[in-house]
Amino acid sequence: MKSAKDAPKRKSDIYTHTVNFYLQHSKDISEKKEQNIKKIQDAREITFDFSEDIERSIEVGKKVIIISPEEQTTLIEGLTGCGYTVFFFDPANIAQVVGSIGALRVSTKSTKQDEEQSNEAIQADQLIWFDAPEAFAQRKGIYDPAKLGVEETLARLKAQSGTHSFLRKIKYDRSLCQYENRHQEICARCAEVCPSGSITKNLRKNSLEIQQADCIGCGRCVAVCPTGALDYAAMPRSLFQDICALYEENIVLLLPDSINLDNLSIPLPENVLPLVIEHDEFLDEQHFLTLVQTTGNPVILYTETVSELTENIVRLINDIFAKVYQQQAVFLCRDEAALNQAFEQLAPLQHCLYRPEEKGAGKRDAVSRRLAHIVGENDFGAVESGPYLHYGKVEVKGEQCTVCAGCVNVCRAGALTVNRERTALLCTPSLCTGCGYCTLICPEKNCLQLVRDRLSLAPEYFSQNVLAEDELFRCIECGAGFAPAKSVKKVRTIMQPLFKDDAVKIKTLSCCPDCKAKIMLEATEGHLSKI
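Residues numbered from 1 in each chain as written. Predicted model: local features only at pLDDT ≥ 70, side-chain atom pairs only at ≥ 80, totals over all residues. Heavy atoms only, no water.

1. Here we look at the nonpolar core
Applied cut-off: Residues enter a nonpolar core if they are buried and are Ala, Val, Leu, Ile, Met, Phe, Trp, Tyr or Cys, with the set joined through side-chain atoms within 4.5 Å. Relative accessible area decides the class of each residue, using a 1.4 Å probe on protein chains only: under 20% of the type maximum gives buried, over 50% gives exposed, and in between gives partly exposed. Secondary structure is summarised from DSSP: a helix means a run of H or I of at least four residues, a strand means a run of E of at least two, and numbering begins at the N terminus for each. Pairs of residues are marked as contacts when any of their non-hydrogen atoms sit within 4.5 Å.
Membership of the largest hydrophobic core comes to 85 residues, with the highest contact counts inside it found for Leu253, Leu254, Phe288, Phe321 and Leu455. In terms of residue count, helix 10 (residues 308-325) provides more of this core than any other element does, nine residues in total. Leave out the neighbours within four places in its chain, and Phe288 touches Leu254, Leu283, Val299, Leu301, Ile313, Val314, Ile317 and Val330. Counting residues in each nonpolar core, the second largest holds 20 residues, with Cys401, Cys438, Cys442 and Leu467 among its members.

2. Comments concerning the pairing of strand 3 (residues 85-89)
Stated formally: DSSP bridges decide pairing: two strands pair if at least two such bridges lie between them. Here is how to tell: hold the view so the strands point away, follow the path from the first strand over the helix to the second, and if it runs clockwise the crossover is right-handed.
For strand 2 (residues 63-67) and strand 3, the ladder comprises five bridges, and the chain directions are parallel. Across the sheet, residue Ile65 finds its bridge partner in strand 3, namely Phe87. In this region the chain leaves strand 2, passes through helix 3 (residues 73-81) and returns to the parallel neighbour strand 3; the handedness of that crossover is right-handed.

3. Topic: the sheet that holds strand 6 (residues 122-124)
Put simply, the rule is: Here the axes come from fitting lines to C-alpha atoms, over the contacting stretch only for helices, and the angles between their N-to-C directions go from 0 to 180 degrees.
The three strands are arranged 4-5-6 in an open sheet whose pairing can be described as antiparallel. In this open sheet, the two edge strands, each paired with only one partner strand, are strand 4 (94-100) and strand 6. Taken pair by pair, the neighbouring strands of this sheet meet at an average axis angle of 20 degrees, ignoring direction. Both strand 5 (residues 103-108) and strand 6 contribute to a ladder of three bridges, which runs antiparallel. Bridge pairing in strand 6 links Leu104 to Ala124.

4. Section: the confidence of the model for the chain
Atom-level detail of predicted coordinates should not be read off regions where pLDDT is low. As a reminder, the rule being used: Per-residue confidence from the predictor is reported as pLDDT, which spans 0 to 100.
Overall, the prediction assigns the chain a mean pLDDT of 91, with 95% of residues at 70 or greater. For the chain, the element scoring lowest by mean pLDDT is helix 1 (residues 7-25), at 74; strand 16 (residues 299-302) scores highest, at 98.

5. As for the packing of aromatic side chains
Our working definition: Planes of paired rings set the category: under 30 degrees apart is stacked, over 60 is edge-to-face and the rest tilted, where pairs are Phe, Tyr or Trp rings (Trp by its six-membered ring) whose centres lie within 6.5 Å.
Across all of its chains, the model carries five aromatic pairs by this definition. Between Phe321 and Tyr325, the ring centres sit 5.4 Å apart and the planes meet at 50 degrees, which makes this aromatic pair tilted. Here Tyr325 and Phe321 lie together in helix 10, a separation of four residues that amounts to about one turn. When sorted by exposure, Phe321 lands in the same class as Tyr325, which is buried. Judged by centre distance (5.9 Å) and plane angle (90 degrees), the ring pair of Phe473 and Phe482 falls under edge-to-face. A residue is classified by how much of its surface remains accessible, and Phe473, at 17% relative accessible area, is buried.

6. Here's the deal with unusual backbone geometry
Here Gly386 and Pro387 are connected by a cis peptide whose omega angle stands at 10 degrees. Following the sequence through the fold, Pro387 ends up in the loop between strand 18 (382-384) and strand 19 (392-396). Phi is positive for Asn181, close to 60 degrees, though the residue is something other than glycine. By the secondary structure assignment, Asn181 is in the loop between strand 10 (170-172) and helix 6 (189-193). Positive phi values are uncommon outside glycine, yet Glu249 reaches one of about 75 degrees. We classify Glu249 as exposed; its relative accessible area is 56%.

7. Here we look at the sheet that holds strand 3
Taken together, the four strands give an open sheet; going across it, the order is 3-2-7-8, and neighbouring strands pair in parallel fashion. For this open sheet the edge positions go to strand 3 and strand 8 (142-143), each flanked by a neighbour on one side alone. Examined bridge by bridge, strand 2 and strand 7 (residues 126-129) share four bridges and lie parallel to one another. The residue of strand 7 that forms the bridge with Ile65 is Leu127.

And the structure:
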């Protein structure tokens with residue numbers, strides 16, 4: 001695993017290897033090569049200046065937990081002799097293991113006598129776990145002697161003791177997260193695709209926990225996140241857009257730094273310029289669209305291993321471009337033969353050029369604007385977006401909606417809004433992530449319906465549509481409009497039987513908040529004067 005201390009040298013090596021690879025294989029003329037080397041250099045400099053993979057460190061002490069179905073007397077004595085404090089547990093008694101290296105917490109199962117009490121977690125710095133579950137295979141500070149052997153396990157454990165440095169790989173904005181503080185789980189895709197187990201669900205708090213020390217920086221969580229709550233710290237979206245601007249008019253060949261460029265011997269056609277990135281799995285539809293629409297050319301991703309998530313993203317982009325332009329936008333290549341074939345099929349996409357300023361814009365909003373530009377005023381049908389990417393559309397059934405705005409308050413993607421002047425519920429379908437939380441929160445049964453995993457390529461999909469509209473109810477005292485008429489009517493229907501013959505309370509049901517308070521105060525004063 002690459003350490004935080006190696007990061008500056010690694011970035012320098014990426015630059016050197018990229019330049020050498022380009023000079024050796026490109027068919028560009030000398031003058032063009034000079035210009036392109038300057039682009040590679042500029043990209044390297046702004047990456048150094050604006051990447052946010054900040055180095056952090058934690059102290060790893062000498063508390064160790066051993067989890068094994070058999071006694072490990074020799075191992076315990078050896079560790080104790082080296083100054084370690086050792087705890088021992090049978091795996092059958094383990095309820096949960098959370099935290100990361102330097103701050104691991106092991107909870108045990110309750111016995112019948114104390115089953116209603118939650119056992120206090122034992123804290124330790126590292127774990128030795130015989131036959132550990134696969135989910136913990138890549139967690140730092142957790143070692144499986146059944147796979148590593150006892151000697152290697154002890155060597156790794158001792159090497160990690162002391163100060164442990166790591167890079168922050170992922171940025172997390174809780175306010176955009178579809179899992180955070182929801183009463184019902186509607187999204188935890190990042191935890192599902194995380195191969196290292198560094199993203200976990202805190203079921204008690206209904207929040208996500210990201211253990212940066214365990215993160216391997218693959219970026220899958222960034223690509224699958226529908227709202228942009230997660231971003232890749234080594235190359236945030238704003239930085240990626242700046243790098244794309246440097247490659248204007250070039251055909252970008254994306255290469256993860258896991259590719260050994262010395263082993264890649266293939267001629268680069270004119271105008272093809274390599275862009276080496278730390279990982280390729282953080283790339284999502286926004287990244288690919290930004291590259292294609294900034295350069296006006298297709299983009300090529302050469303990678304030896306392709307996840308189903310990346311395939312889903314590339315397929316969605318290519319399905320859209322096939323319908324609109326009858327061309328391919330992203331070439332996904334796993335070997336040199338596929339790379340050669342992609343070079344032969346390259347064709348400009350100048351008609352999709354679009355270079356907006358997106359800094360500060362959310363992920364779904366940025367993608368929506370880019371797709372709206374591609375679609376223009378035409379209707380090109382629709383494409384399917386699943387299984388990892390989810391685009392949806394909210395519809396209102398009949399006249400049930402009271403425009404209460406409950407759905408608006410929980411829509412973190414900003415797809416649902418309310419126009420208070422028109423007393424109207426509005427929806428921008430292209431912003432909808434298909435989470436369905438609006439349908440769960442709606443007080444009207446079967447009022448909201450969700451169309452999932454279908455991205456329409458029609459102009460109205462990218463603009464605000466009126467889902468429901470009502471007249472504004474005016475206060476019977478002052479005449480000021482204060483709420484949708486249907487909402488007021490519903491509240492009156494529910495509350496009036498409860499108020500029975502109390503004329504004052506019944507009257508307040510048709511009053512604005514100010515007049516309601518005034519009427520209740522006057523009634524109270526009148527009642528007190530009679531006492």
